[in-house]
Amino acid sequence: MKSFEFTRADDAAGAVTIAAKEKTAQQGANIRFIAGGTTLVDLMKLSVETPGQLIDINRLALDKIEPTRGGGLKIGATVRNADLANDATVKRDYSVLSQAILQGASAQLRNMATTAGNLLQRTRCVYFRDPAMPCNKREPGSGCPAITGHNRMLAVLGTSEQCIATNPSDMCVAMAALEATIHIQGPNGSRAIPIADFHLLPGATPHRETVLEPGDLITHVELPSPKVGSKQLYLKLRDRASYEFALASAAVVLEIANGSVTSARIALGGVGTKPWRSPEAESALVGQPANASNFRKAAEAAMRDAKPRSENGFKVELARRCLTHALETAAKS
Amino acid sequence: MAAIQESSTNSPIGKRTPRVDGPLKVTGKAKYTSDFHFPGLLYAVPVEATIANGRIIKLDTARAEKMPGVSAIFHRENIGKISRAVLGEGFEGITDERRPPFEDDVIRYYGQYVALAVASTFETAKAAADAVRVEYSKEKPNVDTHLKADDEPQTVATTFATLKRVQSERGDADEAFQKAPVKLDETYVTPAETQNPLELHSTTAIWDGTTLTLYESSQGVVNLQTVLAQMFGLPKENVRVITKFVGSGFGSKLFPWTHCPLAAAAARKLGKPVKLVVSRKMMFQTVGHRPRTQQRVRLGATDDGKLVSLQHDYVYTTSMLDIHHEDCGETTAFHYSVPNLHVEFGRAKRNIGATADMRGPGAVPGMYATEAAMNEMADLLKLDPVKFRVLNEPKIDESLGVPFSSRHLLECLELGTEKFGWSRRKPETGSMKRDGLTLGWGMASCAWIAARFPAEANVQLRDDGTVRVACATQDIGTGTYTILAQLAAEKTGVPLDKVEAVLGDTLLPAGPLSGGSMATGSVVPAVFSAADHAIAALMGIATKTPGSPFEKRKSDELTLRDGKVFLKEKDSAAGVPFADLLKRANVRLVTGNGKGEATFGDPKPKFSMHSYGCHFVEVTWQPEIARLRVSRVVTVIDAGRIINPLAGRNQIEGAVVMGLGMALFEQTAYDPQNGAPINASLADYIVTVNADAPQIDVHFLDYPDKELNEVGARGIGEIGLAGIAAAITAAVHHATGVRVRELPVRIEDLLA
């Protein structure tokens, strides 16, 4: 690991001012905020991230979960994943989020990992994580060996010819289905970004993963007021029973009245280059009877644009089954 | 039925015995190799090749050498002489990777060490290693997964011996196959697998100008001593190897790897202790792995299920220079009765790190293939797979023409059938359901060699009433400390808490490798005869010491029981603690040495000696989400006398869990472009986790095999992993209708 300077921020504005001096908030940034460290320290040990300065944001009092005036929920940036998943309000009103977090990582990691950190979780692509390998995300222009190499775990949706890295987060998939908003304090003030717009597709610039600019500090995430009576489910499919990233996952928030779907918010994990909200699946369902054949049609719609590679073609059908089963199970709940 | 019974006597043999070293481990006092520290200790980090085939053109160490805290950057030009080791007598001088590090400029596998950074801290050494710049001339590596035997003569050199590629033959297998009414001809593939013990390989080397002392995480200190003596041209007694605790090895720590002489060479050059801990990534590159195998099995049978022909032709990968033999055919020639048989192997060189033993080498991939074929043949014959095996049970070892020392496979099958409830199995695929899940039931049998390595031991009886037993073998987490203590306690009658077991140091009498499931069987005769000699010395003192209650008696009139010496004809009340006899004679201790000869490799054995067993497996299957899980395993093992049923059960349960990984998860993948083991981390190389562990029901038969040793104990470290993958793939087929013949069984195989 490269030597670095470590400072503790006492106020958010100060942290933002320091970080704003940096040229980028993306891959290779020299100044990084650190909270739980479960992604960043790991990548520093691998020399994938080599920041010269870490600003600890754990003392910024961003660790509260509070109701908002509008009836939603404000989740602080440094709320630990374990605390978020076990929060009574989250379990009652946003259970898909609790389910998603608890199916990720391990208890020890969830105790350390934070909300903002999870939003910025990096891909598990083995080529990205090994500096001896070419990788367009880590070193723009160096190439993507994954496209013809070991790509079983990699994405089939939102890919480009430069990058097919999967976004590995479970939490973000649930937040996409819950239409979370990400609140950012930056050098020019604060702004709020819907989660659907927060992560970027790789395109020709896979090293740019989010809309964050130098100095931008995620302060909290806001969930809209809960859909009372909605049926929520997170289903995660993987090789082994625990402690593994998703091959395919689905977060669904369904409202059903008189046997018909009145609203559907659907997001997929393990298959996209970003947490994958699927308006195609949603529009295939809304207004339709809540039955197995419509669920399957929605799943087919979700995967229509999938682009499989040499080893990950199975994900297309696996994701279809995952979403179909998630919808069926949620509808029955 | 001879299920294990708690011994009713005071004998510690066969008693469920907690590890004698357990308290040290749970309190953190057990010192593993990398826990040892010494004044002036330096840290070494290797620089690894980032190509898999080619040559070093230029090595630029200038930047690294200038970094503060760096002691040296070693490479081919400045490391000093490291010679090759050669195989000697008594299973010594063994290396799987025979080329010493830095011997030439050729790169033959990804991750091969090309330089070594040594510095005052680990972090500095790592930074210096990263700062070394290497230029290569690069060629396309061959990591092709399709295997075709290389063009080699019919007799080839391997690590242990020169072998005929046709390893067993009888009758005319091909003709019998052609004429057989029912035929099966299938090819089975097992992937490269990496051992991944929790404890990383590590070496701390200390050179004092004369003597090399090596702290090493090793499954064989005696062999390591010989190898290092050869590599550095030292008298054997000038090399000492110490291994007190091992965080498991699974075979990867049997023989020395290249990090070990590198640390020693650096210590020699710098005159300071040097520690080298291999990284998890290097664990996938430079310390061995189970080779990929491709095995064609042809079976011919009569309509009523009698085997008439068995052909097992297999190919496995080797590295470019090495000659590890993956003996997939080890059990093929004797396990079933068949008049016509042909077993033959070939090898395919690849740009990969040296292949090596991994728990159950040979028989584990081999029996996956042969047992999977037996299951498929049973299906073709519409016979129950248990019944098919019973029909083909041999009376003798038909390959050697000698009787089995102790074979109770039929009883294993009978007990397993009963405990699992196998009679309720419906043969149609997908026909069994429970709680909305589809069930699959499958089974397979297993076998594993029983043999002894040479072993020596020393036993002392001391005047404080304690006993010390010493042997330069290792405890790799399996309970060897406890076994040694139990054996010494058995002979002397001293309770376990008064027995000190000492191992893992080449200053002690030469002990066996912790491998081949042979350590326990090998130490029994050595410890027993050492104890006999110590007891004889005690009796001499008892009968010759003036004033002794046994003065003027003859030694053979006396006996040692429960730590007391008795006259054989008197009742127990007249016993005298041996400590009292020693004190009266002013003797601190009496000592005895014992020795057991090797049986491993005996070309003309009188008996065919193996352990046997069977696995019955239930999987659950949810086609709607392609989710397959193993829910239940019943395993029955016939491994002779079980000295410690607690540790024994632990071995079998661990093997079942590992077997689940072999069947469903584990696979080392090589990047097709650059040849790197590409999933070289515990996140990307999927092993079984706790949540995958099924309900496991282990039963031992308890038939002592006195042909192997006095206790009748065979080994149990590997047998549990043989056959389990075939039982799982049979259960997968039963549940899903999909026949997978290439491990691991993956979700994508079952999605159709």
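Presented here is an overview of the structure given in this document. Just so it is clear, the structure is predicted and the values come from calculations on it, not from any experiment.

The number of helices and strands found in chain A is twelve helices and twelve strands. Over its C-alpha atoms chain A spans a radius of gyration of 19 Å, differing by no more than 12% from the 20 Å that the globule rule assigns to 333 residues. Here the C-alpha coordinates of chain A stretch approximately 60 × 50 × 35 Å along the principal axes. The buried share of chain A, taken over its 333 residues, is 57%. Excluding contacts between residues fewer than 6 apart, the proportion of contacts in chain A whose partners are at least 24 apart in sequence is 64%.

Scanning chain B from N- to C-terminus turns up 17 helices and 29 strands. The C-alpha radius of gyration of chain B comes to 27 Å, within 12% of the 27 Å expected for a compact globule of 752 residues. If one aligns the C-alpha atoms of chain B with their principal axes, the spans along those axes are about 85 × 70 × 50 Å. The proportion of buried residues among the 752 residues of chain B is 64%. The long-range share in chain B, meaning contacts at least 24 apart out of those at least 6 apart in sequence, stands at 80%. Per element, the accessible surface of chain B, about 27000 Å² overall, is 51% carbon and sulfur. Between the mean site of the 85 positive side-chain charges and the mean site of the 89 negative ones, chain B shows a separation of 3 Å.

Our next topic: the side chain of Arg170(B). Residues and elements named next belong to chain B. Within the fold, Arg-170 resides in strand E9 (residues 166-170). A residue is classified by how much of its surface remains accessible, and Arg-170, at 14% relative accessible area, is buried. A polar contact of 2.8 Å, which involves the side chain of Arg-170, links it to the backbone oxygen of Ala-333. One polar contact links the side chain of Arg-170 to the main-chain carbonyl oxygen of Val-338, over a distance of 2.9 Å. Excluding its chain neighbours within four sequence positions, the residues that come into contact with Arg-170 are Ala-333, Tyr-336, Val-338, Pro-339, Asn-340, Leu-341, Glu-398 and Ser-399.

Turning to helix H5 (residues 221-232) of chain B, a few remarks are in order. All names here are of chain B. A rise of 1.5 Å per residue sets the reference length of H5, with its twelve residues, at 16 Å; its end C-alpha atoms lie 16 Å apart and thus fit the reference within 8%. Of all twelve residues in H5, eleven are buried, a share of seventy percent or more. Every buried residue of H5 is accounted for by Val-221, Val-222, Asn-223, Leu-224, Gln-225, Thr-226, Val-227, Leu-228, Ala-229, Met-231 and Phe-232. Where H5 is buried, its residues touch strand E12 (212-216), strand E13 (239-242) and helix H6 (259-270).

Let us now look at the pairing of strand E21 (residues 467-471) of chain B. All names here are of chain B. Most of E21 is tucked away: five of the five residues are buried. Here E21 shows two buried faces, one formed by Val-467, Val-469 and Cys-471 and the other by Arg-468 and Ala-470. Inspection of the sheet shows strand E20 (residues 455-462) paired to E21 by four bridges, in the antiparallel sense. Its bridge partner lying in E21, Asn-458 is registered against Ala-470. The loop that links E20 with its antiparallel partner E21 comprises four residues; one of these, Gly-465, has a positive phi angle of about 85 degrees. By the bridge criterion, five bridges tie E21 to strand E22 (residues 499-503) in an arrangement that is parallel.

Here we take up the sheet that holds strand E24 (residues 564-567) of chain B. Hydrogen bonds between backbone groups are what pair the strands of a sheet, and the pairing can be parallel or antiparallel. Residues and elements named next belong to chain B. Read from one edge to the other, the open sheet built from three strands follows the order E23-E24-E25, with strand pairing classed as antiparallel. At either end of the open sheet lies a strand with only one pairing partner, and these are strand E23 (558-561) and strand E25 (576-577). Direction of pairing for E24 relative to E25: antiparallel, over a ladder of two bridges. From the neighbouring strand, Val-565 faces E25, where its bridge partner is Val-576. Packed onto the sheet, helix H13 (residues 519-544) meets E23 and E24 and runs at close to 125 degrees relative to E23.

Residues and elements named next belong to chain B. Running from N to C, helix H12 (residues 480-492) and H13 cross one another at 35 degrees; their axes reach a closest spacing of 9 Å. Judged by the sense of rotation from one axis to the other, the crossing of H12 with H13 is right-handed. For the pair formed by H12 and H13, the contact residues are Ile-483, Leu-484, Leu-487, Ala-488, Glu-490 and Lys-491 on the first element and Thr-520, Val-523, Val-524, Val-527, Phe-528, Ala-531, Asp-532 and Ile-535 on the second. Residue composition of the contact of H12 with H13, by class: ten nonpolar, one polar and three charged.

This paragraph deals with the packing of helix H9 (residues 363-380) of chain B against helix H16 (residues 724-736) of chain B. When two helices pack together, their arrangement is captured by the angle between the axes and the distance separating the axes. Residues and elements named next belong to chain B. At a minimum axis separation of 8 Å, H9 and H16 run at an interaxial angle of 35 degrees. Here H9 runs over H16; the crossing is right-handed. Contacts between H9 and H16 involve Met-367, Tyr-368, Glu-371, Ala-372, Asn-375 and Asp-379 from the first element and Ala-725, Ala-726, Thr-729, Ala-730 and His-733 from the second. Considering only residue class, the contact of H9 with H16 consists of six nonpolar, three polar and two charged.

Turning our eyes to something else, we now look at the sheet that holds strand E5 (residues 113-119) of chain B. All names here are of chain B. The sheet built from seven strands is open, its strands ordered E3-E5-E1-E14-E11-E12-E13 with mixed pairing. Looking at the sheet topology across the chains shown, the edges are occupied by strand E3 (70-74) and E13. Adjacent strand axes in the sheet meet at a mean angle of 20 degrees when their direction is disregarded. Relative to strand E14 (residues 274-277), strand E11 (residues 202-207) is paired through four bridges, and the arrangement is antiparallel. Looking at E14, one finds that Ser-202 is bridged to Val-277. Strands strand E1 (42-48), E3 and E5 of the sheet are contacted by helix H3 (residues 122-131), whose axis makes an angle of about 25 degrees with E1.

Let's shift gears to the interface of chain B and chain A. On the side of chain A, 27 residues touch chain B, which itself brings 33 residues to the contact. Summing both partners gives a buried area of about 2500 Å² for chain B against chain A, and 57% of it is carried by carbon and sulfur. By the criterion of area lost to chain A, the three top residues of chain B are Ile625(B), Ile678(B) and Leu751(B), representing 22% of everything that side buries. For the interface between chain B and chain A, the tally reads two salt bridges.

Residues and elements named next belong to chain B. According to the stated counting rule, one finds 19 aromatic pairs over all chains in the structure shown. Arranged with centres 6.1 Å apart and planes meeting at 50 degrees, the rings of Phe-420 and Trp-422 form a pair that is tilted. As far as the burial class goes, Phe-420 and Trp-422 line up, both buried. Stacked on the ring of Phe-528, the Lys or Arg Lys-491 has its end atom at 5.0 Å from the ring centre. Lying across the ring of Phe-566, Arg-561 places its NZ or CZ 4.2 Å from the centre.

On to the state of the cysteines, then. Two cysteines, two sulfur atoms, one covalent bond between them: this is a disulfide. Residues and elements named next belong to chain A. Applying the stated criterion to the full structure yields zero disulfides over all chains. Here Cys-163 stays free of any disulfide, with the sulfur of Cys-144 as its closest cysteine sulfur at 6.0 Å. With a relative accessible area of 5%, Cys-163 lands in the buried category.

What counts and how
- Residues numbered from 1 in each chain as written.
- Chains lettered and ligands numbered in written order.
- Predicted model: local features only at pLDDT ≥ 70, side-chain atom pairs only at ≥ 80, totals over all residues.
- Heavy atoms only, no water.
- Helix = DSSP H or I, 4+ residues; strand = E, 2+ residues; numbered from the N terminus.
- Rg over C-alpha atoms; globule rule 2.2 N^0.38 Å.
- Buried < 20%, exposed > 50% of the residue type's maximum accessible area, 1.4 Å probe, protein only.
- Contact = heavy atoms within 4.5 Å.
- Areas by Shrake-Rupley, 256 points an atom, 1.4 Å probe, with all protein chains shown as cover.
- Lys, Arg positive; Asp, Glu negative; His and termini not counted.
- Charge placed at Lys NZ, Arg CZ, Asp CG, Glu CD.
- Polar contact = N/O pair within 3.5 Å; in protein donor to acceptor, adjacent residues only side chain to side chain.
- Expected span 1.5 Å × (residues − 1).
- Pairing = 2+ DSSP bridges.
- Axes fitted to C-alpha atoms, helices over the stretch in contact; angles between N-to-C directions.
- Left-handed = near helix turned anticlockwise from the far one by under 90°.
- Nonpolar A, V, L, I, M, F, W, Y, C, P; charged D, E, K, R; others polar.
- Buried area = accessible area lost by both parts, 1.4 Å probe.
- Salt bridge = Lys/Arg side-chain N within 4 Å of Asp/Glu carboxyl O.
- Phe/Tyr/Trp six-rings, centres within 6.5 Å; stacked < 30°, edge-to-face > 60°.
- Lys NZ or Arg CZ within 6 Å of the ring centre and 35° of its normal.
- Disulfide = S-S within 2.5 Å.

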